[in-house]
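# Working through the structure, step by step
Here's the letter readout for the chains.
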Amino acid sequence: MAYSVLSDGTTKAKATVAADRARRDPMRWVVLAILILLLAFTLFPFFLALLNAVKASAEYAVGGPLSIPRSIDLTAIEKFWTVSDFSRKLLNSVVISLAVSVLGVLISLFNAYAIGVGKVPGSRVILVVFLLGIMVPQESIIYPLYYMAKASGLYDTQLSVIIIFAVLQSAFGTYLLSTVLSTFPKEILEAAEMDGSTHWKTLWFVIVPVLRPTLMVLGTFFFIWTWNEFLIPLVMLVSNNNQTVSVAMGLTRGQNMSDPVLQASAAFLGIIPTVIFFLIFQRTLTRGIAAGAVK
Amino acid sequence: MAISSQRSSDGSRSYSLYLIPGTIGFILIVLIPQLANLGLSFTAWKGVGTPRPVGLQNYHRLLTDDQFWGSMYHTLLFIVSMTVIPVCIGLVLAALLFDYVRDQFGEWVSSFFRAGFYLPQILPVTVAGVLWGWILNPVGVINITLKAIGLDNLAQNWIGDATYALAAVSLVIVWIQVGYCLVVFMAGLSRIDPSLYEAAELDGANWWSRLVTITIPLLAPEIFVVVLTTLIAALKVFAPIFVITAGGPDNATLVPSYLTYYHFFTTQRVGYAAAIAVVQTTLTIALAVIFLRFQSQQESKE
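Fair warning: this is a prediction, and the values are worked out from it, not measured in the lab.

### Focus on unusual backbone geometry
Here G248(B) and P249(B) are connected by a cis peptide whose omega angle stands at -15°. In this fold, P249(B) is placed in the loop between α12 (239–244) and α13 (256–265). Unlike most non-glycine residues, D85(A) shows phi in positive territory, near 50°.

### Here's the deal with α13(B)
Of all the 10 residues making up α13(B), nine are buried; the element is thus mostly covered by neighbouring parts of the structure. All of the buried residues in α13(B) are P256(B), S257(B), Y258(B), L259(B), T260(B), Y261(B), H263(B), F264(B) and F265(B).

### Looking at the UniProt feature "transmembrane region" (unreviewed entry) in chain B
Residues and elements named next belong to chain B. Per the UniProt annotation, the sites labelled "transmembrane region" (unreviewed entry) are residues 15–36, 76–101, 122–144, 164–190, 211–235 and 270–292. Between the C-alpha atoms that bound residues 211–235 the distance is 30 Å, and the span itself is 96% helix and 0% strand. Note that residues 270–292 is 100% helix and 0% strand, and that its end C-alpha atoms are spaced 31 Å apart.

### Let's talk about the environment of Y59(B)
Residues and elements named next belong to chain B. By the element assignment, Y59 lies in helix α3 (residues 57–63). For Y59 and V279, which are 220 residues apart along the polypeptide, the C-alpha to C-alpha distance reads 9.0 Å. Discounting chain neighbours no more than four positions away, the residues touching Y59 are S41, F42, A275, V278 and V279. Polar contacts involving the side chain of Y59 include one to the side chain of S41, which spans 2.7 Å.

### Observations regarding the confidence of the model for chain B
Note: predicted coordinates in regions of low pLDDT should not be interpreted at a detailed level. Residues and elements named next belong to chain B. Summary statistics for chain B give a mean pLDDT of 88 and a share of 95% for residues scoring 70 or more. In the predicted structure, residues 1–9 sits below a pLDDT of 50 and forms zero contacts with residues beyond four places in sequence or in another chain. The complex prediction reports pTM at 0.86, with the ipTM value standing at 0.86.

### Concerning the packing of aromatic side chains
All names here are of chain A. Counted under the stated rule, the structure contains 47 aromatic pairs over all chains. Ring geometry for F44 against F47: centres 6.2 Å apart, planes inclined by 35°, an arrangement best described as tilted. Separated by three residues within a single helix, F44 and F47 lie in helix α2 (residues 28–53), roughly one turn from each other. With a relative accessible area of 42%, F47 lands in the partly exposed category.

### Things to note about empty space enclosed by the protein
Enumeration over the complete set of coordinates arrives at four cavities of 30 Å³ or more. Within this model, the second largest cavity holds a volume of roughly 80 Å³. Taken together, R124(A), L127(A), V128(A), L131(A), Y175(A), L292(B), Q295(B), S296(B) and E299(B) form the lining of the second largest cavity. Elements with a minimum of two residues in the lining of the second largest cavity: α6 (123–135) of chain A together with α14 (270–301) of chain B.

### Some points on the interface of chain B and chain A
Every contact between the two is made by 98 residues of chain B and, on the other side, 99 residues of chain A. Overall, the association of chain B and chain A removes approximately 8,900 Å² of surface from exposure, summing both partners, and the carbon and sulfur fraction of that is 75%. Inspection of the region where chain B meets chain A yields zero salt bridges. There are 14 residue pairs in polar contact (both at pLDDT 80 or more) connecting chain B and chain A.

### Quick notes on the pattern of salt bridges
All names here are of chain B. Taken as a whole and judged by the stated rule, the model has two salt bridges over all chains. Of the charged contacts, one joins R210 and D99 as a salt bridge, the two residues approaching to 3.0 Å between their closest N and O atoms. One end of the pair, R210, is in helix α10 (residues 207–218); the other, D99, is in helix α4 (residues 66–105), and 111 residues separate them in sequence. Accessibility classification places R210 together with D99 in one group, the buried group. Among the salt bridges present, the one from E107 reaches R102, with a minimum N-O distance of 3.7 Å.

### Details of the environment of A275(B)
Residues and elements named next belong to chain B. Here A275 lies in helix α14. On the basis of relative accessible area, A275 is assigned to the buried category, the value being 0%. When the C-alpha positions of A275 and T83 are compared, they lie 26 Å apart, and in sequence the two are 192 residues distant. Ignoring anything within four residues of it in the chain, the contact list for A275 reads S41, N58, Y59 and L62.

### A closer look at the nonpolar core
Core analysis: the biggest nonpolar cluster contains 151 residues, and I207(A) and M236(A) have the highest contact counts within it. Excluding its chain neighbours within four sequence positions, the residues that come into contact with I207(A) are Y113(A), V117(A), L181(A), F184(A), L189(A) and T202(A). By size, the runner-up hydrophobic cluster in this structure holds 36 residues, among which are V31(A), V87(B), F113(B) and V184(B).

### Here's the deal with a nonpolar patch on the surface
All names here are of chain B. A cluster of nonpolar side chains, namely L17, I20, I24, I27, L28, L31, I32 and L35, defines an oily patch on the protein surface of about 700 Å² accessible area. Take L17: it is sitting in the loop between α1 (2–16) and α2 (20–40). Classification of L17 by relative accessible area gives exposed; the value is 55%.

Scoring rules and cut-offs
Residues numbered from 1 in each chain as written. Chains lettered and ligands numbered in written order. Predicted model: local features only at pLDDT ≥ 70, side-chain atom pairs only at ≥ 80, totals over all residues. Heavy atoms only, no water. Helix = DSSP H or I, 4+ residues; strand = E, 2+ residues; numbered from the N terminus. Buried < 20%, exposed > 50% of the residue type's maximum accessible area, 1.4 Å probe, protein only. UniProt positions renumbered as here; feature names shortened; annotations may be inferred. Contact = heavy atoms within 4.5 Å. Polar contact = N/O pair within 3.5 Å; in protein donor to acceptor, adjacent residues only side chain to side chain. pLDDT = per-residue confidence, 0-100. Phe/Tyr/Trp six-rings, centres within 6.5 Å; stacked < 30°, edge-to-face > 60°. 1 Å grid on protein atoms, 1.4 Å probe; cavity = no way out; pocket = protein on both sides within 12 Å on 5 of 7 lines; lining within 4 Å. Points joined across faces, edges and corners; volume = space filled by probe spheres on them. Buried area = accessible area lost by both parts, 1.4 Å probe. Salt bridge = Lys/Arg side-chain N within 4 Å of Asp/Glu carboxyl O. Core = buried A, V, L, I, M, F, W, Y, C linked by side-chain atoms within 4.5 Å. Patch = residues over 30% accessible without salt bridge, like charges linked within 9 Å, V, L, I, M, F, W, Y side chains within 5 Å. Areas by Shrake-Rupley, 256 points an atom, 1.4 Å probe, with all protein chains shown as cover.

Here you go:
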């Protein structure tokens, strides 16, 4: 931190402070204990779900939710998996989320190319209108969308949800990418134009390769957001075969789920994909969300 | 001059072709449905046949609808659990992890805590609902545990009793929201010059006064962003209510989004539901406009 210059008095004093800070404060264990307690509270529900999902029902009846299972019993997980046709739900969620992230990134990229590079007149207004459009509550568009989907035969198809979310999420993508593209080095674009490159070729062979990391982050966001969406898939995908994981979870409350071990299994199965995404994308996500919120 | 301007307008015309897919999508998915919803709010309609125009009747009825006003009142309470409490906890945690834990235990420990607190934020809300519903229900984890340790009289019907349901749902919402505030605040803190803290420490400022005099003022932009985005989210809160309490018991946790959903799809009073959605949309747009203005001010400052 302050090692670089040690010549004058103030930096020396600073270095001492830094050393003091580095010297261990006895209070630090108290602070750590409080933080661990808070973290334990935050993570406790996850832990409970794991603990009870692998417990035999009989054991739950005797030992309650806090007992450590004596053996791993996957009956309840298997039962919920079969009853809810979980593999089908997983597949639906993956297909919808993947399609939205590809299509959404593509729409965002096109929009941002016109706004950030092309500086199309009125781009500021277009951006604001797009953003306002997605900030409003989804209930204010859900009924007309439901009606339109029924009229066009897209009701209860995954395509309807894919189109809706690709458009809704591309508003944020347009905003993010046009900020990035407006700072894209002019010289590179001009050089490409001198070589006789068309706008189309410049986009795919000059801009996309440079932007690839940002596009991946955006795609990841779209994937997870779509995975977690509830209201629109709830309304649009009524048949069991088309439902997503998120909707299936939202409907378990209404179903006959008196067995607490079965409930824990449901929660557990719902958590697993999220934890996997989290482990894979932790760094991208935490950084990217901050960038998205503030920039 | 004349040539170059002609060229650039040619250029922007061909660039504007790239806006076509996005614009068509926006018109179909956002603009037409919004206008249709606004139109429907002036009609009485059951979802079949032709909507019957009724002027402002739906809005008149809103004024005296106890369910509606109850839901607005609950929104105010959810602003506390969605914005106020998470922002306060997030600020203290972020400052603690950044200004203390990192120095005392190293970067790795600080990142570990940040990741842990963030986890509920990316869990689908419906899964959070199943998880907490299972913990809070009358024969759920809390009550079983309370009975096991002999505190039977503390056991309550947490989500089935109107007195506790609102608090129980609020707890779940706080649990979800803290991670968002924490992550944004920590990202903001990383642009603060550490020598500021060292200088303050030289002057004998303790951790708390550093939080109040340095951290909070410097994080003002992030705090503003988080407050506004969570306020907008609080106005729209739907999934946790749907999953945990379905607005009950006795409308104790009813929110505008749930009321709208209920009237659209259960009572089929489409025009009335549309009117509630319009009120909610207007409030959201007002907040969103403030948010966007602030962001463009920030950008022009940079």
